[in-house]
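Secondary and tertiary structure notes
One-letter residues, chain by chain:
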Amino acid sequence: MPMNPTRKRRLTIVLSILAAAVVAAVLVVLALQNNMNYLLTPSQVQSGEAASYKTFRLGGMVKAGSIQRSSDSLKVTFTVVDAGGAMPVEYTGILPDLFRDNQSVIATGHMDNARFVATEVLAKHDETYMPKELKDAMAKAHADKPGIEKAGNRE
Amino acid sequence: MTPELGQLALILALLLALAQSILPLVGAWRGNRALMAVARPAAAGQAVFVAMAFGILAWAFLRFDFSVQYVADNSNLALPWYYRIAAVWGAHEGSLLLWILILNVWTIALAALSQKLPEVFASRVIAVMGLIAVGFLAFIIFTSNPFGRLLPMPGDGADLNPVLQDPGMTFHPPMLYMGYVGFSVAFAFSIAALLGGELEQAWVRWARPWTNMAWAFLTCGIVAGSWWAYAELGWGGWWFWDPVENASFMPWLVGAALIHAQAVTEKRGSLRAWTILLSIFAFSLSLLGTFLVRSGVLTSVHAFASDPRRGVFILAFLTIVVGGSLLLYALRAPKVLGGKAFNVVSRETVLLIGNLMFAVAAAMVLLGTLFPLIGDALNLGRISVGPPYFGFLFPLLMAPVVLLMPFGPFLRWGKGDAPVLKGLLLRVVVAALACAIVAAFLVDGNLKAIVGVAAGVWVVVGVLLYALKRWREAPRGRRYPGEMAGMLLAHLGVGIFVIGVLLSESLSVTRDVRMAPGETQHIGSYDFRFDGVHHTTGPNWTADQGTVTVTRGEKQIAVMHPQKRTYPRGQVQTESAVDAGVTRDLYVALGEPMDANNLEGAWALRLYTKPFIRWIWGGGLLMMLGGVVCATDKRFRLKRAAKAEGVVDAGATLQVGESRA
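What counts and what doesn't
- Residues numbered from 1 in each chain as written.
- Chains lettered and ligands numbered in written order.
- Predicted model: local features only at pLDDT ≥ 70, side-chain atom pairs only at ≥ 80, totals over all residues.
- UniProt positions renumbered as here; feature names shortened; annotations may be inferred.
- Helix = DSSP H or I, 4+ residues; strand = E, 2+ residues; numbered from the N terminus.
- Rg over C-alpha atoms; globule rule 2.2 N^0.38 Å.
- Contact = placed C-beta atoms within 7 Å.
- Buried ≥ 20, exposed ≤ 12 C-beta atoms within 10 Å, placed from the backbone.
- Core = buried A, V, L, I, M, F, W, Y, C linked by C-beta atoms within 7 Å.
- Pairing = 2+ DSSP bridges.
- Axes fitted to C-alpha atoms, helices over the stretch in contact; angles between N-to-C directions.
- Parallel < 35°, antiparallel > 145°, perpendicular 65-115°, else oblique.
- Left-handed = near helix turned anticlockwise from the far one by under 90°.
- Nonpolar A, V, L, I, M, F, W, Y, C, P; charged D, E, K, R; others polar.
- pLDDT = per-residue confidence, 0-100.
- Domains from an automatic or database assignment.
- Expected span 1.5 Å × (residues − 1).

Per an unreviewed UniProt entry, the recorded name for chain B is C-type cytochrome biogenesis membrane protein, and the organism is Rhodanobacter spathiphylli B39. The record held by UniProt for chain B lists under Sequence similarities (unreviewed entry) the comment "Belongs to the CcmF/CycK/Ccl1/NrfE/CcsA family." Quoted verbatim from the Function (unreviewed entry) field of the UniProt record, the comment on chain B reads "Required for the biogenesis of c-type cytochromes. Possible subunit of a heme lyase."

Of the regular secondary structure elements, chain B holds 21 helices and 11 strands. Taken over C-alpha atoms, the radius of gyration comes to 27 Å for chain B, in line with the 26 Å a tight globule of 661 residues would show. Considering only residue pairs separated by 6 or more positions, chain B has 75% of its internal contacts joining residues 24 or more positions apart.

Turning our attention to the overall build of chain A. Within chain A, the regular secondary structure consists of three helices and seven strands. Secondary structure elements of chain A, listed N to C terminal, follow the sequence α-β-α-β-β-β-β-β-β-α. When each of the 155 residues of chain A is scored for burial, the buried share is 34%. Put simply, of all contacts in chain A between residues at least 6 apart along the chain, 51% involve residues at least 24 apart.

In this section: the nonpolar core. Residues and elements named next belong to chain B. Core analysis: the largest hydrophobic core is formed by 250 residues, its most contacted members being I100 and V254. The leading source of residues in this core is helix α9 (residues 201–233), at 20 residues. The residues touching I100, leaving out its near neighbours within four places in the chain, are V50, A133, F136, L137 and I140.

Here the focus is unusual backbone geometry. All names here are of chain B. Going from L151 to P152, the amide bond is cis rather than trans, its omega being 0 degrees. Here P152 lies in the loop between α7 (119–143) and α8 (167–196). Phi angles above zero are rare outside glycine, and F612 is one such case at about 60 degrees. If you trace the backbone, F612 turns up in the loop between β11 (603–611) and α19 (614–631). A residue is classified by how many C-beta atoms lie within 10 Å of it, and F612, with 27 of them, is buried.

This brings us to the pairing of strand β5 (residues 85–92) of chain A. In this sheet, β5(A) lies alongside strand β4 (residues 75–82) of chain A in antiparallel orientation, the contact comprising eight bridges. Counted as the bridge partner of T79(A) is P88(A) from β5(A).

A separate point is the sheet that holds strand β2 (residues 509–515) of chain B. Residue and element names in this part refer to chain B. Spatially, the four strands line up as an open sheet ordered β2-β11-β10-β9, and their pairing is antiparallel. In this open sheet, the two strands that pair with only one neighbour each are β2 and β9 (577–579). Strand-to-strand twist in this sheet, taken as the mean axis angle between neighbours without regard to direction, amounts to 15 degrees. Examined bridge by bridge, β2 and β11 share seven bridges and lie antiparallel to one another. By the bridge assignment, D512 is partnered in β11 with R606.

Take the packing of helix α10 (residues 243–268) of chain B against helix α13 (residues 347–377) of chain B next. Residues and elements named next belong to chain B. Here α10 crosses α13 at 160 degrees, and the two axes come no closer than 9 Å. It follows from the interaxial angle that α10 and α13 lie roughly antiparallel. The handedness of the crossing between α10 and α13 comes out as left-handed. For the pair α10 and α13, the contacting residues are P243, N246, F249, M250, L253, V254, A256, A257, H260, A261, V264 and R268 in the first and E348, L351, G354, N355, F358, A359, A361, A362, V365, L366 and T369 in the second. Of the residues that constitute the contact of α10 with α13, the class distribution is 16 nonpolar, five polar and two charged.

Now for the confidence of the model for chain A. Detail in the predicted coordinates should be disregarded across regions flagged by low pLDDT. Residues and elements named next belong to chain A. Averaged over all residues, the pLDDT of chain A is 73; the fraction at 70 or higher stands at 77%. When pLDDT is averaged over each helix and strand of chain A, the minimum, 38, is found for helix α3 (residues 132–144) and the maximum, 90, for β5. pLDDT under 50 marks residues 126–155. Its contacts with residues more than four places away, or in other chains, come to 67 contacts.

Residue and element names in this part refer to chain B. Taken domain by domain, chain B comprises domain 1 (1–160), domain 2 (166–404), domain 3 (408–507 + 616–622) and domain 4 (509–612). Measuring from the centre of the C-alpha atoms in domain 1 to the corresponding centre in domain 2 gives 24 Å. Each partner contributes to the interface: domain 1 provides 22 residues, whereas domain 2 provides 24 residues. Of all the elements in the fold, those that place two or more residues in the side of domain 1 that touches domain 2 are α6 (92–113) and α7. Looking at the side of domain 1 that touches domain 2 element by element, the count peaks at 10 residues for α7.

Turning our eyes to something else, we now look at the packing of α13(B) against helix α14 (residues 387–404) of chain B. Residue and element names in this part refer to chain B. The N-to-C vectors of α13 and α14 enclose an angle of 170 degrees; their axes lie 9 Å apart at closest approach. It follows from the interaxial angle that α13 and α14 lie roughly antiparallel. For the pair formed by α13 and α14, the contact residues are V350, I353, G354, M357, V360, A361, M364, V365 and G368 on the first element and Y389, F390, L393, F394, L397, M398, P400, V401 and L404 on the second. Here the contact of α13 with α14 is built from residues that sort into 16 nonpolar, two polar and no charged.

What follows concerns α19(B). Taking 1.5 Å as the rise per residue, α19(B) with 18 residues should run 26 Å; its terminal C-alpha atoms sit 26 Å apart, in good agreement. Within α19(B), 14 of the 18 residues are buried, which leaves the element mostly enclosed by the surrounding structure.

With that settled, consider the environment of N37(A). Position of N37(A) among the secondary structure elements: in strand β1 (residues 36–40). Discounting chain neighbours no more than four positions away, the residues touching N37(A) are F56(A), R57(A), T108(A), I383(B), S384(B) and G386(B).

Residue and element names in this part refer to chain B. When strand β3 (residues 520–523) meets strand β4 (residues 526–537), the two strands line up antiparallel, connected through four bridges. Within β4, the position partnered with H522 by the bridge is D527. Linking β3 to β4, which pair antiparallel, is a turn of two residues; within it G524 sits at a positive phi near 60 degrees.

The structure is reproduced here in structure tokens:
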């Protein structure tokens, strides 16, 4: 069938859209696979769930009295706990404003023997623009159950 | 004025919004002019009552009426008056009230300026605006009443979230909402066109400045938000791919596509269905953005548990808006098709590619942003998608846009000629290469920085060459009409932005250090000397304020005062100190004291040098300016006047548009 200009134009457009869509889809899937961060609680890590992830996010509460600062560097160690577990964490750098005892935190990093080495520590309230509901939800979580993410332990 | 009056005003506004939407729609359907004529007065009435409600809430804040729950939650006696005004939109309920107020501002402007449009079409447009208002007013009245009482009345209120107590944050939400809500105009146009089954090019021309203004406001809001995050959060970053940032960025991307698609539809009549689809998406994403940020749904899907009605309402509202308009689109879009054919080498093709890239980028951001919800729904565990996902895909998707940008303006509509492109390509490549080589020596071969310079120069040279061509070829006084000047400014902004992003990302130096008073750190050619911390107070905070003196060689560059503020309820907030410059920012944030009992001793400090970071916001502001300038084009206004005499020779106006473009 001879191609008239309109048909040819449409075909070109459709084909280029298809090609672009395929490339985009492949890249998106690859990027997603590489950048999915799982949030685990100390008890999940201790039951071996972290074994398959190189880096992951550790979420829980800072155990009261566990914060130890080094006297000559920015190194700080603390313990993150949830209802059923505890995990020592090591971090070098400046901690967020709201970091303190009994604060819920999320640390990104990897396991080094039995210790979690964090490259980033977020206090939960440090979200860029904190919606009020979140604050309320957090306050509630503090009040009735330790550990921030109920969803994390639900199975 | 009692708060209950505010609630009453909202209920009356809802009734008027119902009248504004239903009656004109019925009128347009049955051809009843009397019903259609209800649209404008009803809109005016609604605006009066919404403004009244907003005023009453603001008044309650100004006179510390803590018997209102919302006021008690978000202000206290020590909060300065300007932040009490900003507190009106500092949380969920009030920000929805701001949203509906701004919707009314746009509706009034639309009602006043649409006199020249055909009556049936104009009344449908205003009716659709009314429908949106119905949804929001119902949401406020039934789930998020800002006027709820708190009895007994407390002696003092809580506080406005300290991160919001900043001038940047005062203007950020209204600007952002002006943008979000502004897209409702394009949306209303599209729905009205679908309802009527026809879309005249003249109407698209009339709609264009509205879209441009909305996009400009959105750009301004995003720039303000980015600047605020940089100055306020103490992380020195300007963009974090945080869900709330993404929420405003998705409508921006689709809006950028829409601006260009509208140009094609207006001038050539093609891409009509695509333009309509984009306006539906731009507004739907604006709605999604509003709800994502304010509902907390993203941080946890369980956030709704505290008030399930809100979640259900939002889902229902989004479903009706998105589902309903897409259904209408599916039924009616074939009716509005049309337009001139175009070649593969043509301005349309380039604009279409740009459009697709913007749309795909928006979809990519949407996927990454909503992925935690998807993961939660599929029981995959608590997943978040890290910034590298966006950081990898976004530049990849935008690279074609940046590469094609110089060529778009040089191509003709319908059929472009290749030889012109070759000459242009040669010049742009030479300029970009030359600058890249020079830059390579200055940045010590940092590849990302070199790419940044090359890409930026690529775009800027393309813009300058086109400006030069217009200067040579067009008669004096008609060289740069608003539309063209706006396009040149916005594209120039993209070039500046690209340079800013890539140079600051690649050349910034960040150092977290422990410093005792008197100690000095060297970053590049700058010496940062820490002179200790002392105590200071503000209107409603106390702070530990550090002093850092920056010198370069013998010359003192800046004395900086980063603070660690404590607000009445014990919230701690870092105030970074920034010494701004065209080619570099110096940035100091105070960490924590190394020994909590000895504040005069050593502290943790975060020191940065950030080359060219200001170019990022400079580029953003140029884009915003471009949108505004474009909207002022006389052509958009002239045609409105011409509409009075019926549809005046559309062919002739088209040619004018083409010969200029």
